[in-house]
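# Analysis of the macromolecular model
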Amino acid sequence: MSDTANELQLSQQWADLDVLERVLETDDFIVFINKSECCDYKTSDKYDAKPPTDKAKYARLISEASNVENSPHIFLSRHDKIGFKRLICEGIARTLENEYSAAKAAYEAAKAYLERRQNEQSREWYLSAAAITTGALLLVLAVVALVCNLNQVELMAGLGAYLVYVELGFVGALLSIVFRMGKTSFDFGAKQRLHYWEACMRVIVGGIAAMVAVFAVKAKLLFGGLVNPDNEVMFLMFLSVAAGALEKWIPSLIASVGKHKISASSGEEKK
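Residue positions are given per chain, counting from 1 as you read along its sequence in written order. For this predicted model, a pLDDT threshold of at least 70 governs which residues receive local features, and a threshold of 80 or more governs which side-chain atom pairs are given and counted, while totals over whole chains, interfaces and linings are taken from all residues. Side-chain metrics rest on all non-hydrogen atoms present in the structure, leaving aside hydrogens and water.

### As for the overall build of the protein
Put simply, the test is: A run of DSSP states H or I qualifies as a helix once it reaches four residues; a run of E qualifies as a strand once it reaches two. Both are numbered from the N-terminal end. Exposed residues in this analysis have more than 50% of their type's maximum accessible area, buried residues have under 20%, and partly exposed residues fall in between, with area computed by a 1.4 Å probe over protein chains only. Any two residues having at least one pair of non-hydrogen atoms within 4.5 Å are treated as being in contact. Surface exposure here means Shrake-Rupley accessible area, sampled with a 1.4 Å probe, where a residue is shielded only by the protein chains that are shown.
Looking only at helices and strands, the protein has nine helices and three strands in total. Each of the 271 residues in the protein was classed as buried or not, and the buried ones make up 36%. The long-range share in the protein, meaning contacts at least 24 apart out of those at least 6 apart in sequence, stands at 66%. Put simply, the protein shows about 16200 Å² of open surface, and 60% of that area lies on carbon and sulfur atoms.

### Remarks on the packing of helix 7 (residues 192-218) against helix 8 (residues 232-244)
Definition in use: Between N-to-C directions, angles cover 0 to 180 degrees, with each direction set by a line fitted to C-alpha atoms, over the stretch in contact for helices. Any angle from 65 to 115 degrees is called roughly perpendicular, while one under 35 is roughly parallel, one over 145 is roughly antiparallel, and all others are oblique. Handedness of a crossing is defined here by the sense of rotation of the near helix relative to the far one, left-handed for an anticlockwise turn of less than a right angle and right-handed for a clockwise turn. In this classification, the charged set is Asp, Glu, Lys and Arg, the nonpolar set is Ala, Val, Leu, Ile, Met, Phe, Trp, Tyr, Cys and Pro, and all remaining amino acids, among them Gly, are polar.
Interhelical geometry of helix 7 versus helix 8 gives an angle of 140 degrees and a closest axis separation of 8 Å. In terms of axis orientation, helix 7 runs oblique to helix 8. Read as a crossing pair, helix 7 and helix 8 show a hand that is right-handed. Contacts from G206, A209, A210, A213, V214, V217 and K218 in helix 7 reach E232, F235, L236, L239, S240, A243 and G244 in helix 8. Considered class by class, the residues forming the contact of helix 7 with helix 8 number nine nonpolar, three polar and two charged.

### Concerning the pattern of salt bridges
Inclusion rule: The term salt bridge refers to a side-chain nitrogen of Lys or Arg lying within 4 Å of a carboxyl oxygen of Asp or Glu.
Counted according to the given criterion, the structure contains 17 salt bridges. Close ionic contact of E90 with R94 constitutes a salt bridge, the shortest N to O distance being 2.1 Å. You can see E90 and its partner R94 sitting in helix 4 (residues 78-96), four residues apart, about one turn around the helix. Its relative accessible area of 31% is what places E90 among the partly exposed residues. The exposure class of R94 is buried, given its relative accessible area of 14%. Of the charged contacts, one joins E198 and R202 as a salt bridge, the two residues approaching to 3.2 Å between their closest N and O atoms.

### Notes on the state of the cysteines
Cysteine pairs can be covalently joined through their sulfur atoms, and such a bond is termed a disulfide. Using the following cut-off: By convention in this document, the label disulfide applies to cysteine sulfur atom pairs within 2.5 Å.
What the rule picks out here adds up to zero disulfides. Between C38, a free cysteine, and C39, which holds the nearest cysteine sulfur, the sulfur-to-sulfur gap is 7.5 Å. Among the residues examined, C38 registers a relative accessible area of 32% and is labelled partly exposed. Lacking any disulfide linkage, C89 is separated from the closest cysteine sulfur, that of C39, by 3.6 Å. C89 gets classed as buried once you look at its relative accessible area, which sits at 0%.

### So, the packing of aromatic side chains
For clarity, the cut-off: Only Phe, Tyr and Trp rings are paired, with Trp represented by its six-membered ring, and only when their centres lie within 6.5 Å; those with planes under 30 degrees apart are stacked, over 60 edge-to-face, the remainder tilted. Placement of a charge over a ring requires the Lys NZ or Arg CZ to be within 6 Å of the ring centre, with the centre-to-atom vector within 35 degrees of the ring normal.
Tallied over the entire structure, the rule returns three aromatic pairs. In textbook terms, an aromatic cluster arises when at least three aromatic residues are bridged by ring pairs, as seen for Y162, Y165 and F215. Between the NZ or CZ atom of R117 and the centre of the ring of Y113, over which it lies, the distance is 4.9 Å.

### Overview of the sheet that holds strand 1 (residues 19-25)
The following threshold applies: Two strands qualify as a pair provided DSSP detects at least 2 bridges between them.
Within the open sheet, the three strands sit side by side as 1-2-3. Their pairing is antiparallel. Edge strands, defined here as strands with exactly one partner in the open sheet, are strand 1 and strand 3 (39-43). The mean angle between the axes of side-by-side strands here comes to 30 degrees, regardless of whether they run parallel or antiparallel. In this structure, strand 1 lies alongside strand 2 (residues 29-34), joined through five bridges in antiparallel fashion.

### A look at the confidence of the model for the protein
Rules: The pLDDT score gives, residue by residue, the confidence of the prediction method on a 0 to 100 scale.
A residue-level look at the protein finds 84% of positions with pLDDT of 70 or above and a mean pLDDT of 82. The spread of mean pLDDT over the elements of the protein runs between helix 9 (residues 253-270), the lowest at 45, and helix 4, the highest at 94. Taken together, the stretch residues 1-9 has pLDDT below 50 and engages in three contacts with residues farther than four places along the chain or on a different chain. Counting contacts from residues 256-271, a segment whose pLDDT is below 50, to residues more than four positions away or on other chains yields six contacts.

### What to know about helix 8
Let me state the cut-off plainly: Helix span is expected to be 1.5 Å times the residue number reduced by one. By definition, the arc is the one covered by directions from the helix axis to the C-beta atoms.
Its 13 residues place the ends of helix 8 18 Å apart at the C-alpha level, agreeing with the 18 Å of an ideal helix rising 1.5 Å per residue. Within the span of helix 8, buried status applies to L236, L239, S240, A243 and G244. Buried positions in helix 8, seen along its axis, are confined to an arc of 130 degrees and lie on one side of it. Those residues of helix 8 that are exposed and aimed more than 90 degrees away from the buried face are M234 and F238.

Listed below in structure tokens is the structure:
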């Protein structure tokens, strides 16, 4: 039989299925992504008459496909989602062919693929929140300073410089977040709102740290009399940025969620 005739036969055999994209089809089975963008498969009566070489592994790996597919992935673009589903379908196909090691490797590849996309999404949420918070706070303080200046508020005579130090603290916190972002892994299990709140709080803490550092220098509690009066402004500006970067010492709420989640999962497995 020619290849074209074989393809036609297979198409007719599985013609009743709701297929969006076919991953693998043979005379015995077809593995595909359906039009609901879910992984699916169907076997022939001939295939069903033959038991798998290892029933326990077969059942476990078929079940694993559902576990992997149910991982959070709604944020994926359609292209990435189809790529993720194809890896899962590859695992199903290898399972149906009794190639259990290859099936497990395919599922691991799907998990790794999704984890990379989750980390990218988490970093996008985190950086966006930090950048927007910094920009918003800088704008608010600039408007406050401008309004007070236009209305000749006497308090601004000494307060203006301190607002600049606070703003530099915000910038220092943002730079700290950006510089370590490539080395940071977030737990995607934490909600999007938690990513936003943590990033916002770190920027705010950076501004507070800058203010505390400046007050400490002014009160001679920090660096004593080592600061040269002629260079005091530049020194305090540099110190404000450095103090803002101290936000990195705050324990991560997202990491805490991740540790709790892992511990809970381990406890369930032990049961």
